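So you can see what is in the structure, the chains are spelled out below.
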Amino acid sequence: MRIDIREVGRQNGSNLPVHLQVPASEILQSYRDFSFPGLLFVSGNLRYEGQGKLRFDGSGQFSWQAPCARCLETVSQEETVRLRLSFRNESQCTSETGSEPAATGEEPETTADIPCYPYTGHIIDLTTALTEAIILALPTKVLCRADCRGLCPHCGQDLNEGPCTCRTEQTGGSQSPFGALNNLL
Ligand SMILES: [Zn+2]
Ligand SMILES: [Zn+2]
């Protein structure tokens, strides 16, 4: 996903409204168990801040699909991520990595938490920034619902659809002194 920054203009404070969409899988095909069907929408504002520096403020919208960690049913969800990105000409980005301070005294801590991405020539490529934003937005654990009962470890029955017969057959019923133990396993 690329933007020609000549469209933004070269005056400080020039703006370019951005509305782009691509198949989300073009940005990120898959990640762990996640896949990304549908489109990724990016909208926001790109602003030229002088000295080859640009700032993007906006959001991205996409959907992911992944299996429930307990029952393996496919879960789909839509996400909206906030995008606050800074882009600098490649030469500036590399020359600054070693010595952060002094170079630009006018911008203090506010920009420190905004990731800076280098660009070459007059093309900004949002792909890396979007990939990172998408990955950060994904949940660490996917559940179809908070109280998903999962699959029976013995017969594979989806316990959300009802109890299986394993428990009564294998434990000898609730009378068995080991019945409670089996329930824990
Ligand atoms: Zn589940
Ligand atoms: Zn079972």
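Before reading further, recall that the structure is shown in the block above.
Position numbers for residues count from 1 along each chain, tracking the sequence in the order it is written. Whichever chain is written first is A, and whichever ligand is written first is 1; the rest continue in order. Given that the model is predicted, a residue must reach a pLDDT of at least 70 before its local features are reported, and side-chain atom pairs must reach 80 or more before they are shown or counted; all residues, however, enter totals for whole chains, interfaces and linings.

Visitor: Quick question: what am I supposed to make of the overall build of the protein chain here?
Guide: Starting at the N terminus, helices and strands are each numbered in turn, a helix being any DSSP run of H or I of at least four residues and a strand any DSSP run of E of at least two. A count of helices and strands for the protein chain gives five helices and nine strands. Expressed as a percentage of the 185 residues in the protein chain, the buried residues total 16%. Each residue is represented by a C-beta atom placed from its backbone, and any two residues with such atoms within 7 Å are regarded as in contact. In the protein chain, once contacts between residues fewer than 6 apart in sequence are set aside, the share between residues at least 24 apart is 60%. With C-beta atoms placed from the backbone, the exposure class of a residue follows from how many other C-beta atoms lie within 10 Å of its own: 20 or more, buried; 12 or fewer, exposed; in between, partly exposed.

Visitor: Please clarify how the nonpolar core should be interpreted in this entry.
Guide: In a soluble, globular protein the nonpolar side chains are often hidden away together inside. Judged by nonpolar contacts, the single largest core of 28 residues is most densely connected at L54, I124 and L130. Of all the secondary structure elements, the ones that give two or more residues to this core are helix 1 (24-27), strand 5 (39-48), strand 6 (53-67), strand 7 (74-89) and helix 3 (127-137). Ignoring sequence-local partners within four residues, the contact set of L54 consists of I5, V8, L46, R47, Y48, E49, F87 and I124. We define the nonpolar core as any set of buried residues of the types Ala, Val, Leu, Ile, Met, Phe, Trp, Tyr and Cys, connected via C-beta atoms lying within 7 Å of each other.

Visitor: What am I meant to see in the environment of L28 here?
Guide: Positionally, L28 belongs in the loop between helix 1 and strand 3 (30-31). On the basis of neighbour count, L28 is assigned to the buried category, with 21 C-beta atoms found within 10 Å. In this structure the C-alpha to C-alpha distance between L28 and T127, which are 99 residues apart in sequence, comes to 8.6 Å. If near-sequence neighbours (up to four positions away) are discounted, L28 is found in contact with F36, T131 and I134.

Visitor: Is there a simple way to explain helix 3 in this structure?
Guide: Turn by turn, an α-helix covers 3.6 residues, leaving residues three or four places apart pointing in a common direction. By the burial criterion, the buried members of helix 3 are A129, L130, A133 and I134. Buried residues of helix 3, viewed axially, fall in a sector of 130 degrees; they line one side. Set apart from the buried face of helix 3 by more than 90 degrees, the exposed residues are I135 and L136. Where helix 3 is buried, its residues contact helix 1, strand 5, strand 6, strand 7 and strand 8 (116-119). When we speak of the arc, we mean the arc of directions from the helix axis to the C-beta atoms.

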